[in-house]
Amino acid sequence: MEKTIRKVGIMGGTFDPIHIGHLILGEAAYEQFELDEIWFLPAGKPPHKRNRSGRASDVQRVEMVHRAIASNPHFVLCTKEMEDQGYTYSYRTLETMREENPETEFYFIIGADSLFYFDEWKNPERICAAAKILVATRDHAGDEKLLSCMKQNAEKFHGIFLKLDTPNLDISSHELREWIREGKSVKYYLPDSVISYIQEQKIYQD
Ligand code: ATP
Ligand code: MG
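This write-up is about the structure you can find in this document.

### Let's talk about the overall build of the chain
Part 1: Summing up its helical and strand segments, the chain has 9 helices and 6 strands in all.
Part 2: Projecting the C-alpha coordinates of the chain onto the three principal axes gives extents of approximately 50 × 35 × 35 Å.
Part 3: Taken across its 206 residues, the chain has 48% of its residues classed as buried.
Part 4: A total accessible area of about 11000 Å² is found for the chain, and carbon and sulfur atoms account for 49% of it.
Part 5: A distance of 4 Å separates the average location of the 26 positive side-chain charges in the chain from that of its 33 negative side-chain charges.

This is the structure we're talking about:
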């Protein structure tokens, strides 16, 4: 029988810069949940990251994502949040995506650190109504802690939380920005095409 419902994973992030952690999460979600596409969604103006001095511009963050995902045919760049004025909220973005794509089931991909603050996001129950949540471990969060937090959030916000099977990936944009500033190598943590762009544009260098 022909498949009518498309399954799309949303990998949202500040991507300042995008790193292999984000890419591996996207690929794991694609494979483990038999998704059709992964949309990489650079955050517009996330309310929890207001102080952005010494960071990449919106145009640069989008270009880094563009370069990072170019070689993967099921990865798609989604610039939806860049078009919005004012602060952007995941629940609103996901609800708009649902309205615009009624035949699509969405899977919102997050790391454990995001899960632990999920109840501080704006309207978590509306995020849960719009998408299933796929959770990857991070910072060596054990399965027990992770699964119990997923269960609590699922009950509180009437959501479906599913565990992604990924190794702990000890990598963060924050640390990579520091390494670049200190002149340390970030090779293999970022795609070469992103490293060369950071060098060309002199991003994060002071
Ligand atoms: P920063 O250090 O600036 O906060 P980051 O590395 O956390 O950057 P974000 O853009 O904030 O990257 O993350 C976007 C999403 O990807 C979040 O849900 C976050 O939990 C997840 N994520 C990022 N890096 C990892 C990683 N190494 N392992 C698991 N999840 C990750
Ligand atoms: Mg982060």
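### Thoughts on the sheet that holds strand β4 (residues 104-111)
Part 1: What the 6 strands build is an open sheet, ordered β3-β2-β1-β4-β5-β6; its pairing is parallel. Two strands in the sheet have a free side with no partner beyond their single neighbour: β3 (75-77) and β6 (161-163). Going from strand to strand, the sheet's axes swing by 30 degrees on average, the running direction of each strand aside.
Part 2: By the bridge criterion, 6 bridges tie strand β1 (residues 6-13) to β4 in an arrangement that is parallel. Within β4, the position partnered with Met11 by the bridge is Ile109.
Part 3: Here helix α1 (residues 20-32) sits on the sheet and contacts β1, β2 (37-42), β3, β4 and β5 (132-136); the angle it forms with β2, its principal contact strand, is near 150 degrees.
Part 4: Against the sheet, helix α4 (residues 90-100) makes contact with β1, β2 and β4, and its axis sits at roughly 155 degrees relative to β4, the strand it touches most.

### Considerations on helix α2 (residues 58-69)
Part 1: With 12 residues, α2 extends 17 Å from end C-alpha to end C-alpha; this agrees with the ideal 16 Å at 1.5 Å per step.
Part 2: Listed as buried for α2 are Gln60, Arg61, Val62, Met64, Val65, Ala68 and Ile69.
Part 3: Here the buried face of α2 lies against α1, β2, β3, α3 (80-83) and α9 (192-201).

### Section: the pairing of β2
Part 1: Counting buried positions over the 6 residues of β2 gives 5, a clear majority of the element.
Part 2: Note that β1 and β2 share 6 bridges and pair parallel. Directly across from Gly9, in β2, lies its bridge partner Ile38.
Part 3: Sheet analysis places β2 next to β3, joined by 3 bridges and oriented parallel. In the strand pairing of β3, Trp39 is matched with Val76.

### Overview of the site of ligand 1
Part 1: In the vicinity of ligand 1 there are 21 residues, among which Asp113, Ser114, Arg138, Leu169 and Ser173 approach most closely.
Part 2: A distance of 2.9 Å separates an oxygen atom of ligand 1 from a polar backbone atom of His174.
Part 3: Arg177 is positioned with one of its side-chain polar atoms (N or O) 3.2 Å from an oxygen atom of ligand 1.
Part 4: Protein chains shield 90% of the accessible area of ligand 1, which is 600 Å² for the free molecule.
Part 5: Secondary-structure elements contributing two or more residues to the shell around ligand 1 are β1, α1, β4, α5 (112-116) and α8 (173-181).

Cut-offs applied
Residues numbered from 1 in each chain as written. Chains lettered and ligands numbered in written order. Predicted model: local features only at pLDDT ≥ 70, side-chain atom pairs only at ≥ 80, totals over all residues. Heavy atoms only, no water. Helix = DSSP H or I, 4+ residues; strand = E, 2+ residues; numbered from the N terminus. Buried < 20%, exposed > 50% of the residue type's maximum accessible area, 1.4 Å probe, protein only. Areas by Shrake-Rupley, 256 points an atom, 1.4 Å probe, with all protein chains shown as cover. Lys, Arg positive; Asp, Glu negative; His and termini not counted. Charge placed at Lys NZ, Arg CZ, Asp CG, Glu CD. Pairing = 2+ DSSP bridges. Axes fitted to C-alpha atoms, helices over the stretch in contact; angles between N-to-C directions. Contact = heavy atoms within 4.5 Å. Expected span 1.5 Å × (residues − 1). Near = heavy atom within 4 Å. Polar contact = N/O pair within 3.5 Å; in protein donor to acceptor, adjacent residues only side chain to side chain.

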